[in-house]
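Below, each chain spelled out in residue letters.
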Amino acid sequence: MANNKVKFNIKNVHFAKKNEDGAYDAPIKLPGAVSISLEAQGELEPFYADGIKYYVSSSNGGYEGDLEVALITDEIRKEILNEKLDAKSVMIENAYSGTSQFALGFDIDGDVKTTRFWFYNCSATRPSTESATTEDTKEPSTDTITVSCAGDENGNIRAKTTDETTGEVFDKWYEEVYIPGDPASQPATP
């Protein structure tokens, strides 16, 4: 089987709310993905001895960046951003509500095969409210949220399919958040 040489096109974005017992609820699809840019967070820390860079340690602080979509849906606003509907079905954002942690899943196409991701322990900002006057052409406005993804209690930050991922796992990727099952397959914790 050939491997991907390039990547392009984000699609199939999903959110799965993390509940109080640490498990993730069923994923909710968010249509209209425009772009994502999650930058690795962490530091390289050099240690100098014998007049040279003797040792370099690195830290993994997860990822942080922006997800741009056509429109943040009311379902995502309720489940993740904790906005509430009042008795007259008006959506209310409350300063004391905070947001919920979640897992973020999405696809990135390749020239051969799609790669699927789950990022764990994510938090998000609220999107800005923006719009502009329509002129000669209608160009849609978009919503952007900043997302921060951190390691779980086992240190897992992200899951990503590979060319060798089984068809069963790939096909069921968005039925539930992929969690590594065998504790023996977990990387050693420091």
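Reading the values: rules and limits
Residues numbered from 1 in each chain as written. Predicted model: local features only at pLDDT ≥ 70, side-chain atom pairs only at ≥ 80, totals over all residues. Heavy atoms only, no water. Helix = DSSP H or I, 4+ residues; strand = E, 2+ residues; numbered from the N terminus. Buried < 20%, exposed > 50% of the residue type's maximum accessible area, 1.4 Å probe, protein only. Pairing = 2+ DSSP bridges. Phe/Tyr/Trp six-rings, centres within 6.5 Å; stacked < 30°, edge-to-face > 60°. Lys NZ or Arg CZ within 6 Å of the ring centre and 35° of its normal. Salt bridge = Lys/Arg side-chain N within 4 Å of Asp/Glu carboxyl O.

Draft legend 1. Representation of the overall build of the chain in the model. Broken down by element type, the chain carries 2 helices and 12 strands. Reading the chain from its N terminus to its C terminus gives the helix and strand order β-β-β-β-β-β-α-β-β-β-β-β-β-α. Dimensions of the chain along its principal axes, counting C-alpha atoms only, are 65 × 45 × 40 Å. Here the chain holds 190 residues, and 32% of them are scored as buried.

Draft legend 2. Region of the structure containing the pairing of strand β9 (residues 102-110). Here β9 lies mainly inside the structure; 9 of its 9 residues are buried. Going residue by residue along β9, you find F102, L104, F106, I108 and G110 tucked away on one face and A103, G105, D107 and D109 tucked away on the opposite face as well. Here strand β1 (residues 7-17) pairs with β9 via 8 bridges, running antiparallel. Along β9, the bridge assignment pairs K7 with G110. Hairpin connection, β9 to strand β10 (residues 115-124): the antiparallel pair is bridged by 4 residues.

Draft legend 3. Representation of the packing of aromatic side chains in the model. Across all of its chains, the model carries 9 aromatic pairs by this definition. Ring centres of F15 and F102 lie 4.9 Å apart, and the angle between their planes is 40 degrees; on these two criteria the pair is classed as tilted. Here F102 lies in strand β9 and F15 lies in strand β1, a separation of 87 residues in the sequence. Judged by relative accessible area, F15 falls into the buried class, the value being 1%. F102 sits in the buried class, given a relative accessible area of 0%. Plain terms: the ring middles of W118 and Y174 are 5.7 Å apart, the flat faces sit at 65 degrees to each other, and that makes the pair edge-to-face. Here W118, found in strand β10, pairs with Y174, found in the segment after α2 (167-171); they are 56 residues apart in sequence, far enough to count as distant. Accessibility classification places W118 together with Y174 in one group, the buried group. Taken together, the ring pairs connect Y63, F106, F117 and F119 into an aromatic cluster. Lying across the ring of F170, K113 places its NZ or CZ 4.7 Å from the centre. Seen from the ring of F170, R116 lies directly overhead, with NZ or CZ sitting 4.2 Å from the centre.

Draft legend 4. Looking closely at the pattern of salt bridges. In the structure shown here, the tally under the stated rule is 5 salt bridges. As a salt-bridge pair, E93 and R126 come within 2.7 Å of each other at their nearest N and O atoms. Separated by 33 residues along the polypeptide, E93 in the loop between β8 (91-92) and β9 and R126 in the loop between β10 and β11 (143-149) bring together distant segments of the chain.

Draft legend 5. Examining the pairing of β10 more closely. Taken across its 10 residues, β10 has 9 buried, putting it largely inside the fold. As paired strands, β9 and β10 are joined by 6 bridges and run antiparallel to one another. Across the sheet, I108 pairs through a bridge with T115, a residue of β10. Relative to strand β12 (residues 158-160), β10 runs antiparallel, the two sharing 3 bridges. Within β12, the residue paired with W118 across the bridge is A159. As paired strands, β10 and β11 are joined by 3 bridges and run antiparallel to one another.

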